[in-house]
Amino acid sequence: MTLKLRSAAVTDRGLIRSGNQDSVHAGPWLIAVADGMGGMAAGDLASTIAIDAISALDVETPEDSLVAALQQAVEVATVRIRAAIEEDPERQGMGTTLTALLFARTGSCLALVHIGDSRAYLLRDGMLKQITRDDTFVQMLVDEGVISPEEASSHPRRAVVTQALQGESVEPAYSTMVPRAGDRWLLCSDGLSNVVRPGTIAETLVSYPDRQQCAARLVDLALRAGGPDNITVVVADVVD
């Protein structure tokens with residue numbers, strides 16, 4: 001049995017923002033979401049740089065090279081963002097989140113890289129689990145027991161990230177997992193996760209077998225919830 005990854009993506013600027021600073025990639029070996037920050041022009045540029053760097057990995061990659069490939073792509077993105085800032089000092093402070101999943105050519109393993117507050121979720125056997133941990137101020141407060149996860153969802157500083165790709169040295173989280181046939185992955189920007197409850201996300205992932213329809217429905221739910229931010233969704237299935 002050889003496992004494959006099949007994916008679909010939808011992105012929307014939302015109902016409040018004047019433009020879309022998110023960037024996305026959904027391919028046969030790689031899926032990725034980047035959420036730019038630092039003003040419209042700079043945020044858009046930062047997320048585009050990150051996705052351009054990571055999308056070069058959408059090729060057949062040996063299992064033992066997955067994490068190293070992701071690390072190298074992050075380094076490339078960091079160098080390019082630094083160069084963009086040096087080119088125009090007004091871009092100082094620009095940056096982007098990055099959450100990406102790279103599937104091995106054998107289908108026996110996958111690797112994740114994560115920095116910022118875009119998320120990766122795994123739906124397995126009908127149960128939804130958040131795989132990534134937000135690099136945010138409120139997550140730090142939750143970890144320290146200062147506030148509850150419920151309080152974090154409405155905290156006024158919930159959008160403050162503690163790590164992002166900004167042209168400087170960073171420490172993204174890397175991990176590997178063994179995929180199973182039937183797994184469904186969701187990668188999304190916080191334009192979805194900040195306004196749609198996990199239970200609703202899980203119900204939608206279960207209810208819409210078609211990946212494109214599922215991604216579109218999730219974006220629609222975020223829009224119905226006010227669409228205060230850019231919304232980007234990738235739905236990917238592990239298939240035999």
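As a reminder, the structure under discussion sits directly above these lines.
Note that the structure is a prediction, hence the values are computed from the model and not measured. (Residues numbered from 1 in each chain as written. Predicted model: local features only at pLDDT ≥ 70, side-chain atom pairs only at ≥ 80, totals over all residues. Heavy atoms only, no water.)

Side note on the side chain of Asp135
Alright, step 1. Note that Asp135 resides in the loop between β8 (127–130) and α3 (137–143).
Alright, step 2. What makes Asp135 buried here is its relative accessible area of 11%.
Alright, step 3. With residues near it in sequence (within four places) discarded, Asp135 still touches His114, Ile115, Gly116, Val160, Val161, Thr162 and Gln163. (Helix = DSSP H or I, 4+ residues; strand = E, 2+ residues; numbered from the N terminus. Buried < 20%, exposed > 50% of the residue type's maximum accessible area, 1.4 Å probe, protein only. Contact = heavy atoms within 4.5 Å.)

So, the environment of Phe137
Alright, step 1. Considering the arrangement of structural elements, one finds Phe137 in helix α3.
Alright, step 2. It is 5.7 Å that separates the C-alpha atoms of Phe137 and Val160, two residues lying 23 residues apart in sequence.
Alright, step 3. Among all residues touching Phe137, those that are not within four sequence positions of it are His155, Arg157, Val160 and Thr162.

A short note on the nonpolar core
Alright, step 1. Judged by nonpolar contacts, the single largest core of 30 residues is most densely connected at Ile54, Leu57, Leu70, Met94, Leu98, Leu102 and Leu165.
Alright, step 2. For this core, the elements supplying multiple residues, two or more each, are β3 (30–37), α1 (40–55), α2 (66–87), β5 (98–103) and β6 (110–115).
Alright, step 3. Tallying contributions element by element places α2 first for this core, with nine residues.
Alright, step 4. Ignoring any residue separated from it by four or fewer positions in sequence, one finds Leu102 in contact with Trp29, Leu30, Leu57, Thr61, Leu66, Ala69, Leu70, Cys109, Leu110 and Ala111.
Alright, step 5. Membership of the second largest hydrophobic core comes to 18 residues, among which are Leu123, Cys188, Leu192 and Ile231. (Core = buried A, V, L, I, M, F, W, Y, C linked by side-chain atoms within 4.5 Å.)

Some words on α2
Alright, step 1. Over its 22 residues, α2 runs 32 Å from end to end, which matches the ideal 32 Å to within 8%, given 1.5 Å per residue.
Alright, step 2. Within α2, burial applies to Leu66, Ala69, Leu70, Ala73, Val74, Ala77, Thr78, Ile81, Ala84 and Ile85. (Expected span 1.5 Å × (residues − 1).)

What to know about the environment of Val74
Alright, step 1. Residue position: Val74 is located in helix α2.
Alright, step 2. Among the residues examined, Val74 registers a relative accessible area of 5% and is labelled buried.
Alright, step 3. Placed 165 residues apart in sequence, Val74 and Val239 show a C-alpha to C-alpha distance of 28 Å.
Alright, step 4. Excluding its chain neighbours within four sequence positions, the residues that come into contact with Val74 are Leu98, Val113, Leu165, Pro172 and Tyr174.

With respect to the sheet that holds strand β7 (residues 119–124)
Alright, step 1. On the basis of which strands lie adjacent, the open sheet formed by five strands has the order β1-β11-β10-β7-β8 and antiparallel pairing. For this open sheet the edge positions go to β1 (4–12) and β8, each flanked by a neighbour on one side alone. On average, each strand axis in the sheet is tilted by 20 degrees relative to the strand beside it, whichever way the strands run.
Alright, step 2. In this sheet, strand β10 (residues 184–188) lies alongside β7 in antiparallel orientation, the contact comprising five bridges. Each residue of the ladder has a partner; that of Leu122, found in β10, is Trp185. (Pairing = 2+ DSSP bridges. Axes fitted to C-alpha atoms, helices over the stretch in contact; angles between N-to-C directions.)

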